[in-house]
Amino acid sequence: MAGAAAERQENGVVDAVKNAVKKNKNSPITVDAGGVKISNVDNAKKYTGRQASGSEPYTDVIFERKNGKAVNLSLKGEAAPSLAGGGLRGLEAIVPGLAGRFMKAAYDALIDSGLKAGDKVPDVYGKIGAKTKEKIVVGTPAMGGPIDFMYIGPMTVKSSYDEKKNILTLNGKLTESKEYAKTHELYFRLRARRKDQRFDPNAQQGGIPKIYGKSPSRGDSAGRIVVTDSVPKNAMVVPVK
């Protein structure tokens, strides 16, 4: 359902822009989301590439601009949005060694907590230092970035177009990616890809603990690392040095 909801949000933003441009006789418009405006937009399209690692790209939607640089957007929902994907390989490409250190810290914390082979693994979080937040949020071309703006809003996109002012208003909020990184605490989050994955203390990849064993039902053999800006109460949080 999460994938379907993301598709709905992306399609909603793209369709809203295309429809407004059409109403403006195929001339550029200004997009306003949460009071932040992007001007000179004459088209919107979904990003269709992949990361160099093969994972999902950072960019979700591109605003094309007449006589101006295109704008890359990452679209997220309002509830604890995952800000960056790509897994271990993708994050390692941005800040070499950082994600691996998180996995090792998470593994040590789980062992210290008494977790045994075959046990269900709780989600583990790792606080990201200030120096690396911007790199992770913005991303790189190899990761399907860099991201210029975060768009965070409802998965069902609502819009209104003011023909006199030539402004399309969306029901989300735009924030420059660099500003988002400066104003939010960010955390790694490690979680299972499948509900039936369990703790495997011997699973490794390149000398880095994988923590999760293979899913009996689907065969997935690793967890998933994303970056989020919120941590539940009583969550397991480890330092990432």
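Details of the structure are given in the entry above.
Residues numbered from 1 in each chain as written. Predicted model: local features only at pLDDT ≥ 70, side-chain atom pairs only at ≥ 80, totals over all residues. Heavy atoms only, no water.

> I'm lost on the nonpolar core in this one. Help?
Counting 36 residues, the largest nonpolar core has L91, F102, I136, F188 and I211 as its most contacted members. When contributions to this core are tallied by element, the ones reaching two or more residues are helix 2 (87-94), helix 3 (98-112), helix 4 (130-138), strand 7 (149-152), helix 5 (177-183), strand 11 (187-191) and strand 14 (224-228). Looking at this core, the element that brings in the most residues is helix 3, giving nine residues. Membership of the second largest hydrophobic core comes to 24 residues, among which are A20, L73, V157 and Y161. (Core = buried A, V, L, I, M, F, W, Y, C linked by side-chain atoms within 4.5 Å. Buried < 20%, exposed > 50% of the residue type's maximum accessible area, 1.4 Å probe, protein only. Helix = DSSP H or I, 4+ residues; strand = E, 2+ residues; numbered from the N terminus.)

> Could you clarify how one ought to interpret unusual backbone geometry in this entry?
Only a minority of non-glycine residues have a phi that is not negative, and only a minority of peptide bonds are not trans. The residue after G145, namely P146, is reached through a cis peptide bond having omega -5°. Examined against the element boundaries, P146 turns out to sit in the loop between helix 4 and strand 7. The residue N234 is not glycine, and still its phi comes out positive at about 65°. Along the chain, N234 turns up in the loop between strand 14 and strand 15 (236-239).

> Teacher, can you tell me more about the pairing of strand 4 (residues 68-76) here?
Working note: regular strand, side chains alternate between the two faces of the sheet. Judged from the four bridges that link them, strand 3 (residues 61-65) and strand 4 form a sheet pairing that is antiparallel. Looking at the pairing, F63 lines up with V71 of strand 4. Linkage of strand 3 to strand 4, two consecutive antiparallel strands, is achieved through a turn of two residues, within which N67 is found at a positive phi near 60°. (Pairing = 2+ DSSP bridges.)

> I keep staring at the packing of aromatic side chains and nothing clicks. Help me out?
Two descriptors summarise a pair of aromatic rings, namely the distance from one centre to the other and the angle between the planes of the rings. Under the defined criterion, the tally for this structure stands at two aromatic pairs. A ring pair is formed by F102 and F188, whose centres lie 5.0 Å apart and whose planes are at 25°; its orientation type is stacked. Placement of the pair is F102 in helix 3 and F188 in strand 11, with a sequence separation of 86 residues. By relative accessible area, F102 is classed as buried at 0%. The exposure class of F188 is buried, given its relative accessible area of 0%. (Phe/Tyr/Trp six-rings, centres within 6.5 Å; stacked < 30°, edge-to-face > 60°.)

> Got a minute to help me understand helix 3 in this structure?
Helical geometry: 3.6 residues make up each α-helical turn, so side chains three or four residues apart lie on a common side. Relative to the 21 Å expected for 15 residues at 1.5 Å per residue, helix 3 spans 21 Å between its end C-alpha atoms, a close match to the ideal helical length. G114 occupies a position one or two residues after helix 3 and carries a positive phi of about 95°. (Expected span 1.5 Å × (residues − 1).)

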